[in-house]
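Observations on chain architecture
Given next are the chains, with one letter for each unit.
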Amino acid sequence: MARRILTDYDFQSTSKVVNLPSPTNSGDAASKGYVDSVVEGLAWKDSCRVATQSDVNLSSPGSTIDGITMAASDRVLVRNQTTQSQNGIYVWNGAAVAMTRALDASTFAELEQAVATVEEGTDAGATFRQTQVNGTIDSSNVIWSSFGTA
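Quick caveat, the model's predicted, so the values are computed rather than measured.

A few words on the overall build of the protein. The helix and strand inventory of the protein stands at two helices and ten strands. Listing the helices and strands of the protein from first to last along the sequence gives α-β-β-β-β-β-β-β-α-β-β-β. The buried share of the protein, taken over its 150 residues, is 31%. Partitioning the intrachain contacts of the protein with sequence separation of at least 6 by distance along the chain shows that 52% fall at a separation of at least 24. In the structure as shown, the protein presents an accessible area of about 9,300 Å², 49% of it carried by carbon and sulfur atoms.

Among the secondary structure elements, arginine 79 is positioned in the loop between β5 (75-78) and β6 (88-91). Its relative accessible area of 17% is what places arginine 79 among the buried residues. Leaving out residues up to four positions away in the same chain, arginine 79 has contacts with Ala51, Thr52, Gln53, Asn87, Asp123, Phe128 and Trp144.

With mixed pairing, four strands are arranged side by side in an open sheet as β2-β5-β6-β7. Strand pairing shows two members of the sheet lacking a second neighbour, β2 (50-51) and β7 (100-101), which therefore form its edges. Where β6 meets β7, two bridges bridge the pair, whose relative direction is antiparallel. Following the sheet pairing, tyrosine 90 is matched in β7 by arginine 101.

On to the pairing of β6. In this sheet, β6 lies alongside β5 in antiparallel orientation, the contact comprising four bridges. Bridging across to β6, valine 78 finds its partner in glycine 88.

Within this structure, the stated rule accounts for one aromatic pair. The interplanar angle of 70° and the centroid separation of 6.1 Å between the aromatic rings of tryptophan 44 and phenylalanine 147 together place this pair among those described as edge-to-face. Placement of the pair is tryptophan 44 in strand β1 (residues 43-44) and phenylalanine 147 in strand β10 (residues 144-149), with a sequence separation of 103 residues.

The subject of this paragraph is the environment of glycine 94. Within the fold, glycine 94 resides in the loop between β6 and β7. For glycine 94, a relative accessible area of 10% translates into the label buried. Taking C-alpha positions, glycine 94 is 8.7 Å from serine 73, a pair spaced 21 residues apart along the chain.

We now examine the pattern of salt bridges. According to the stated counting rule, one finds five salt bridges in the structure shown. When the shortest N-O distance is used, the salt bridge between arginine 75 and aspartate 104 registers 3.2 Å. One end of the pair, arginine 75, is in strand β5; the other, aspartate 104, is in the loop between β7 and α2 (108-111), with 29 residues separating them in the sequence. We classify arginine 75 as buried; its relative accessible area is 15%. Linked through salt bridges whose partners overlap, the residues forming this network are Arg49, Asp74 and Glu120.

Strand direction decides the pairing type here: β1 and strand β8 (residues 114-117), joined by two bridges, are parallel. Bridge pairing in β8 links tryptophan 44 to valine 115.

Rules behind the numbers
Residues numbered from 1 in each chain as written. Predicted model: local features only at pLDDT ≥ 70, side-chain atom pairs only at ≥ 80, totals over all residues. Heavy atoms only, no water. Helix = DSSP H or I, 4+ residues; strand = E, 2+ residues; numbered from the N terminus. Buried < 20%, exposed > 50% of the residue type's maximum accessible area, 1.4 Å probe, protein only. Contact = heavy atoms within 4.5 Å. Areas by Shrake-Rupley, 256 points an atom, 1.4 Å probe, with all protein chains shown as cover. Pairing = 2+ DSSP bridges. Phe/Tyr/Trp six-rings, centres within 6.5 Å; stacked < 30°, edge-to-face > 60°. Salt bridge = Lys/Arg side-chain N within 4 Å of Asp/Glu carboxyl O.

If you want it as structure tokens, here you go:
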């Protein structure tokens, strides 16, 4: 008996796939309910151009971070400060100009469950999640943990 292999389905908005089991392999289809449950409670942020690998002087960060030459308005994931309350998502304003907290991550509530992907540098393609809750900006620790890769 000849085996027929189908590679594409086009439902043309007239049908839908229902009753999918939970996926077990990376190529498996997933239901909307499954996907929603996986991402529930996460606060996805715009990506950051680069992430810090060690302490950075927030008042005068220099022209490069993690070997990347910075440009005005680049987002920086500051994740390795010795004083962990200084960690967060910042905007680079110039080599000798203080970085400022990004508008979407300037309060502790905005940092709770924040997830950001890094575009360039050592952590290019990596995603990080901020794990601390119920804190106060600039006094509570802000801790970024690896969340996966893009």
